[in-house]
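What follows is each chain in one-letter form.
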Amino acid sequence: MIEQVKSIVLTVLILTSLVLSGLLWYRSPNVEEINRTDYIPQQLIGESYQLEELVKPRSIVYHPGDGSHLMSFSGDDVYDSITESLPEWQLVSIEEKTMTTAEWERMLSELPGWELRFPVPVPASLFSERLIPGLNQLEEDLRIDRLWVYRQQDDLSVLLISDIDNKIYESDMVSPKEGNVFAQKQELGLLNVLPVVERIVSANPYEPVSVRINYFPEKELTMPEWKASLQETDVEQMKILLFLDPSLVRTVTDAEEGTVVMQDGSRTVRYVEANNMLYYQNYKMKLDAKPISSDLHEAVQFINHHGGWMADHRLVQIEGTQSEDEPNRYGFRLVKDGLPVYDEGDQNRYGTLMAVESKGGHVLRYERSLHFTEEDEYSQSTPVTGGPQALEHLKAEFDMADVRDMYPAYRIQKKDDDLTYLPGWRIEFRNGDETWFEVPADEDEGGEANGLE
């Protein structure tokens, strides 16, 4: 009897040993990042923003229905009123629609409407999950460039326009504020613009005609020029925010190249003194893909918890990929007085562009400037090109069929420790390239300027 008990106990011990050995052999360890907020208080140096605050139109164009057109920007009452009402929109009966050239002309000249123009084609899933809850009747891979709200008699409708896919969807709209959507048309300070319409016929007979609409100042305008002192974020502050345990970080300084490299085995941060840029890299190897809307949300939260935002930014780049090995890339551009800001020579210094590469909700790369500005002061009013003659010069210089958008913007010039924000007219092409447009001084028509201050 005793021998049988011993045999049973021995058998149980052997089986238990085999099970435990199998668990150790086949089970992968948990390598998820520890939530550092559980044991290290956060010491943010900037503001925290939500995704909805970063994905906004670059401009909103008001079409009163009388042949005039006015462009509005962030900070204007009309712009803020329209964008704040987005989550309250209720879109029903969404159907694909084909628009003729005559219908577009009628939209521009006869029907009151608001046209929301986004700086980057926005995935439909991002609208349905974050911007317009309940909008779930569109293809997931559809990207929307513009929303056009218009009124016909007493009915409100919305066009969801994908210029990149040459598709249009129409929906009836119900909004608690529908009575006020068109109530602020007399708002002062809006920019009077001329529509520039290009009709593009595809070689494919089954492809609908594409009508591209951009806008140019009705006449030369003046915009304020600003100056601000340049400030710097301390590298040590970023070190604390970017590493789980700063005491384990190995730091190597190369005085000749002007770089500082910090590593802890799982990530690297490289600081370049010449342009005051910080480059973060995480070495996660295998990550599961997530929907763009979810992945982008996590990327924004990463920035919120690793330095935050030193000024207003807008999402201007989404490069998504279905590859398991390639990350998604997002770019956020600095905004001043509601207008985008560019570094001289289209570099990314002085906080003009913050970039993140992310996959599966994990940020793999993070690029940001440690420069920022606080107080700025008005310097002078500067003329910005506009008017019919300048428009003709623009058409002669560029193929308007290749233009995706046009808008006023600021470019930065640095002198000593001060930055100057110079206004100008910016052009974005369909292939992603951008440039400034100016009429040569001897060809500028001059004349009375329209203020945009």
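Since the structure is predicted, the reported quantities are computational estimates derived from the model, not experimental observations.

Thresholds applied
Residues numbered from 1 in each chain as written. Predicted model: local features only at pLDDT ≥ 70, side-chain atom pairs only at ≥ 80, totals over all residues. Heavy atoms only, no water. Helix = DSSP H or I, 4+ residues; strand = E, 2+ residues; numbered from the N terminus. Buried < 20%, exposed > 50% of the residue type's maximum accessible area, 1.4 Å probe, protein only. Contact = heavy atoms within 4.5 Å. Areas by Shrake-Rupley, 256 points an atom, 1.4 Å probe, with all protein chains shown as cover. Salt bridge = Lys/Arg side-chain N within 4 Å of Asp/Glu carboxyl O. Axes fitted to C-alpha atoms, helices over the stretch in contact; angles between N-to-C directions. Nonpolar A, V, L, I, M, F, W, Y, C, P; charged D, E, K, R; others polar. Patch = residues over 30% accessible without salt bridge, like charges linked within 9 Å, V, L, I, M, F, W, Y side chains within 5 Å. Lys, Arg positive; Asp, Glu negative; His and termini not counted. Charge placed at Lys NZ, Arg CZ, Asp CG, Glu CD. pLDDT = per-residue confidence, 0-100. 1 Å grid on protein atoms, 1.4 Å probe; cavity = no way out; pocket = protein on both sides within 12 Å on 5 of 7 lines; lining within 4 Å. Points joined across faces, edges and corners; volume = space filled by probe spheres on them. Pairing = 2+ DSSP bridges. Polar contact = N/O pair within 3.5 Å; in protein donor to acceptor, adjacent residues only side chain to side chain.

**Q** What is the right way to read the overall build of the protein chain from this model?
**A** The helix and strand tally for the protein chain stands at eight helices and 24 strands. Burial statistics for the protein chain: of 453 residues in total, 49% are counted as buried. When contacts within the protein chain are restricted to residue pairs at least 6 apart in sequence, those whose partners lie at least 24 apart make up 68%. About 23000 Å² of surface is accessible on the protein chain, with carbon and sulfur atoms providing 47% of the total.

**Q** How do you make sense of the pattern of salt bridges when you look at a structure like this?
**A** Any two side chains of opposite charge can pair, on the condition that their charged atoms come close. In this structure the tally under the stated criterion is 18 salt bridges. Across the pair Arg-404 and Glu-428 runs a salt bridge whose closest N-O atoms are separated by 3.3 Å. Here Arg-404, found in strand β21 (residues 403-415), pairs with Glu-428, found in strand β22 (residues 418-429); they are 24 residues apart in sequence, far enough to count as distant. Under the relative-accessibility criterion, Arg-404 is labelled buried at 14%. Via salt bridges that share partners, Arg-58, Glu-115, Arg-117, Asp-145, Arg-146, Asp-163, Arg-404, Asp-405 and Glu-428 belong to a single interconnected network.

**Q** I tried to follow the packing of helix α5 (residues 124-131) against helix α7 (residues 292-305) on my own but got confused; where do I start?
**A** Helices that pack against each other are described as a pair by the angle of their axes relative to one another and the distance between those axes. Contact geometry for α5 and α7: axes closest at 8 Å, N-to-C directions at 60°. Across the interface between the two elements, Ser-125, Leu-126, Glu-129 and Arg-130 of α5 pack against Ser-293, Leu-296 and His-297 of α7. Looking at side-chain class alone, the contact of α5 with α7 contains two nonpolar, three polar and two charged residues.

**Q** Sorry, what's going on with a negative patch on the surface here?
**A** The grouping of Glu-232, Glu-273, Glu-377, Asp-416, Asp-417 and Asp-418 at the surface amounts to a negative patch. When you line up the elements, Glu-232 lands in strand β10 (residues 221-232).

**Q** Looking at this structure, I do not really get the confidence of the model for the protein chain. What am I missing?
**A** When pLDDT drops low, the exact placement of atoms in the prediction is not to be read closely. The pLDDT averaged across the protein chain works out to 85; a share of 82% of its residues lies at or above 70. Across the protein chain, element-level confidence peaks in strand β17 (residues 339-343) with a mean pLDDT of 96 and bottoms out in helix α1 (residues 2-26) with 61. Low pLDDT, under 50, characterises residues 28-40; the stretch is placed with 14 contacts to residues that sit more than four places away or in other chains.

**Q** Could you clarify how one ought to interpret empty space enclosed by the protein in this entry?
**A** Enumeration according to the criterion identifies five cavities of 30 Å³ or more in this entry. Its boundaries defined by the atoms lining it, the largest cavity holds a volume of some 120 Å³. Along the wall of the largest cavity there are 13 residues; nearest its centre are Arg-58, Pro-119, Arg-314, Val-335 and Pro-340. Looking at the lining of the largest cavity, the elements that each hand over two or more residues are β15 (313-319), β16 (328-336) and β17. Looking at the lining of the largest cavity residue by residue, the class counts come to seven nonpolar, two polar and four charged.

**Q** Help me understand the sheet that holds strand β3 (residues 90-97) in this model?
**A** Strand order across the open sheet formed by nine strands is β3-β7-β6-β5-β4-β1-β2-β8-β9, with antiparallel pairing between neighbours. Either end of the sheet is taken by a strand with one partner, and the two such strands are β3 and β9 (210-217). In this sheet, adjacent strand axes meet at a mean angle of 30° when their direction is disregarded. Bridge count between strand β1 (residues 59-63) and strand β4 (residues 113-123): five bridges; the pairing is antiparallel. In the strand pairing of β4, His-63 is matched with Gly-113. In this fold α5 packs onto β4 and β5 (143-152), with an angle of close to 110° to the strand it touches most, β4.

**Q** Teacher, can you tell me more about the environment of His-313 here?
**A** Mapped onto the elements of the fold, His-313 is located in strand β15. The class of His-313 is buried, set by a relative accessible area of 4%. His-313 sits 41 residues away from Met-354 along the chain, and the two C-alpha atoms are 8.6 Å apart. What His-313 contacts, discounting residues up to four positions off in sequence, is Glu-53, Leu-54, Phe-332, Arg-333, Leu-334, Val-335, Gly-351 and Met-354. Within polar-contact distance, the side chain of His-313 engages the backbone oxygen of Ala-311 at 3.0 Å.

**Q** Where do I start with the pairing of β17 in this structure?
**A** With five of its five residues buried, β17 lies for the most part within the structure. As paired strands, β16 and β17 are joined by two bridges and run antiparallel to one another. Residue pairing across strands places Val-335 opposite Pro-340, the latter belonging to β17. Where β16 hands over to β17, the hairpin turn is made up of two residues, of which Asp-337 adopts a positive phi near 55°.

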